[in-house]
Amino acid sequence: MADLDGNVSAKNFHPDVPAQRFTHEIRGAANLDWGMQNRLARILDPRTGRTVMLAFDHGYFQGPTSGLERIDVNIAPLGEHADALMCTRGALRTSIPPATRAGLVLRASGGPSVLKELSDENIALAMDDAVRVNADAVAVQVFVGGEHETRSIRNLTTLVDEGYRAGIPVLGVTAVGKELTRDARYLGLAVRIIAELGAQLVKTYYCEEGFEEVVAGCPVPVIMAGGKKLPELDALTMASRAVRAGAAGVDMGRNIFQSANPAAMMTAVRAVVHDDLDAADAHELYRSMTETAVPA
């Protein structure tokens, strides 16, 4: 207990100063509990409401993926360049150093492999395990229009309820099968449903026409999914167009870890997302870093 002798009487209450209001730029988060807002601020930069996430959870249904053969070798060193990591708990515990400072989004749904119907997912993570590893959010796949749409919605709402109890946000991921079109009408439907059912974050694909309407119609941050591997300039162009249309950043996997220089690509993507650098200039940054890294 503190010694009371010599204690100075409290007098400096600043009666002429209104109570401080602490604000951030994270969309739709102002009425959430302190813990949820704090965790969201570890994923998204609270000054801009944007993020560069590195996704490497592909193994949960694809098995070994090119670029992810050794997560401890290929991915762990990239953590310092990411605002947040998106992975499975198995990869986290075996291959990511606990001293990593990036935010953590943990895959929480799964079940079928690439050999089966992908929408046949269940919850694959207990929320208390997310708490145990200090996750900042959990991610669940939502198959709007898919064969097992209703179950995937139930997975989402169950995790949302558990997330509120634990103070952990939920990232709803729109899953687009081969039979569904990635257009603004479908994506707008999917992201709105996910947000309306309680997800604090949504991850979805970019579409060339109407993406700004997809984002505007969603009351929580929309993070662009990287999707398949593209040439670096094309990937940077897509990221630039997405954030300029209102996206809260990107969650890229293959366009990072399958790049010739993943660290340089991360730097270029960060410049696009956080500094609004044009895609062409970001690509030149990538090229200069790659050329410098290659011995003569």
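Remember, it's a predicted structure, so these values are computed and weren't measured experimentally.

Undergrad: How do you make sense of the overall build of the chain when you look at a structure like this?
TA: Of the regular secondary structure elements, the chain holds 12 helices and 10 strands. For the chain, whose C-alpha radius of gyration is 21 Å, the value lies close to the compact-globule estimate of 19 Å for 296 residues. With the C-alpha coordinates aligned to their principal axes, the bounding extent of the chain is approximately 70 × 55 × 40 Å. Counting across all 296 residues of the chain, residues that qualify as buried make up 50%. Counting only contacts in the chain whose residues sit at least 6 apart along the sequence, the fraction spanning at least 24 positions is 67%. Accessible surface, the chain as shown: approximately 15000 Å² in total, 50% of it carbon and sulfur. With 29 positive and 37 negative side-chain charges, the chain shows a spacing of 3 Å between the two charge centroids.

Undergrad: What's the story with the sheet that holds strand 7 (residues 170–174) in this structure? I'm lost.
TA: Strand pairing in a sheet takes place through backbone hydrogen bonds and is either antiparallel or parallel in direction. Judged by pairing direction, the barrel is parallel, and its eight strands sit side by side in the order 1-2-3-6-7-8-9-10 before closing back on the first. Within this sheet the neighbouring strands show an average axis-to-axis angle of 25°, counted without direction. Here strand 1 (residues 51–55) runs beside strand 10 (residues 249–252); their pairing, made up of four bridges, is parallel. Each residue of the ladder has a partner; that of L54, found in strand 10, is M252.

Undergrad: What is the right way to look at the side chain of D251 in this model?
TA: Locating D251 in the fold gives a position in strand 10. Accessibility expressed as a relative area gives 2% for D251, which makes it buried. Residues within four places of D251 in sequence aside, it is in contact with M53, L54, A55, M86, K203, I223, M224, A225 and G226.

Undergrad: How should I be thinking about the packing of aromatic side chains in this particular structure?
TA: Note on aromatic pairs: each is described by the distance of the centres and the angle between the planes. Per the stated rule, a full pass over the model turns up two aromatic pairs. Relative to F61, the ring of Y60 has its centre 5.0 Å away and its plane inclined at 70°; by these criteria the two rings are edge-to-face.

Undergrad: Would you mind showing me how to read the pattern of salt bridges here?
TA: Side-chain pairs of opposite charge can arise where the charged atoms are in close proximity. Using the criterion set out here, one finds 18 salt bridges in the structure. The residue R107 makes a salt bridge to D57 at a minimum N-O spacing of 2.9 Å. A residue pair is termed long-range when its members are at least 10 positions apart, and R107 in strand 3 (residues 103–107) and D57 in the loop between strand 1 and helix 2 (59–62) qualify at 50 residues. With relative accessibility at 6%, the residue D57 sits in the buried group. As a salt-bridge pair, D120 and R151 come within 2.1 Å of each other at their nearest N and O atoms. One end of the pair, D120, is in the loop between strand 4 (109–110) and strand 5 (122–123); the other, R151, is in helix 6 (residues 149–166), with 31 residues separating them in the sequence. For R151, a relative accessible area of 25% gives the class partly exposed.

Undergrad: Is there a simple way to explain the nonpolar core in this structure?
TA: What tends to happen in soluble globular proteins is that the nonpolar side chains get buried as a cluster. Grouped together as the largest cluster of nonpolar side chains are 74 residues, with contacts concentrated most on L54, F56, L106, F211 and V269. Take this core: its biggest share by element is seven residues, from helix 11 (residues 262–275). When sequence neighbours within four positions are dropped, the list of residues in contact with L54 reads I75, L78, A82, A84, L85, M86, D251, M252, I256 and M266. Membership of the second largest hydrophobic core comes to 19 residues, among which are I26, M36, M53 and A55.

Undergrad: How do you make sense of a nonpolar patch on the surface when you look at a structure like this?
TA: A cluster of nonpolar residues, V114, L115 and L118, forms a patch on the protein surface that exposes about 300 Å² of accessible area. Examined against the element boundaries, L118 turns out to sit in the loop between strand 4 and strand 5. With a relative accessible area of 33%, L118 lands in the partly exposed category.

Undergrad: Whenever I open this one, the packing of helix 9 (residues 232–244) against helix 11 confuses me. Can you help?
TA: When two helices pack together, their arrangement is given by the angle between the helix axes and by the axis-to-axis distance. In the contact formed by helix 9 and helix 11, the axes pass within 9 Å of each other and the chain directions differ by 25°. Between helix 9 and helix 11, the angle is such that the two are roughly parallel. With respect to the hand of their crossing, helix 9 and helix 11 are arranged in right-handed fashion. For the pair helix 9 and helix 11, contact is made by E232, A235, L236, A239, S240 and V243 and by M265, A268, V269, V272 and V273, respectively.

Undergrad: Got a minute to help me understand unusual backbone geometry in this structure?
TA: Generally, phi is negative for residues other than glycine and the peptide bonds are trans, each holding for most cases. Phi is positive for N134, close to 65°, though the residue is something other than glycine. Mapped onto the elements, N134 comes out in the loop between helix 5 (127–132) and strand 6 (137–142). In this structure, D276 takes a positive phi of about 55° despite not being glycine. Turning to its location among the elements, D276 is positioned in the loop between helix 11 and helix 12 (279–293).

Conventions and cut-offs
Residues numbered from 1 in each chain as written. Predicted model: local features only at pLDDT ≥ 70, side-chain atom pairs only at ≥ 80, totals over all residues. Heavy atoms only, no water. Helix = DSSP H or I, 4+ residues; strand = E, 2+ residues; numbered from the N terminus. Rg over C-alpha atoms; globule rule 2.2 N^0.38 Å. Buried < 20%, exposed > 50% of the residue type's maximum accessible area, 1.4 Å probe, protein only. Contact = heavy atoms within 4.5 Å. Areas by Shrake-Rupley, 256 points an atom, 1.4 Å probe, with all protein chains shown as cover. Lys, Arg positive; Asp, Glu negative; His and termini not counted. Charge placed at Lys NZ, Arg CZ, Asp CG, Glu CD. Pairing = 2+ DSSP bridges. Axes fitted to C-alpha atoms, helices over the stretch in contact; angles between N-to-C directions. Phe/Tyr/Trp six-rings, centres within 6.5 Å; stacked < 30°, edge-to-face > 60°. Salt bridge = Lys/Arg side-chain N within 4 Å of Asp/Glu carboxyl O. Core = buried A, V, L, I, M, F, W, Y, C linked by side-chain atoms within 4.5 Å. Patch = residues over 30% accessible without salt bridge, like charges linked within 9 Å, V, L, I, M, F, W, Y side chains within 5 Å. Parallel < 35°, antiparallel > 145°, perpendicular 65-115°, else oblique. Left-handed = near helix turned anticlockwise from the far one by under 90°.

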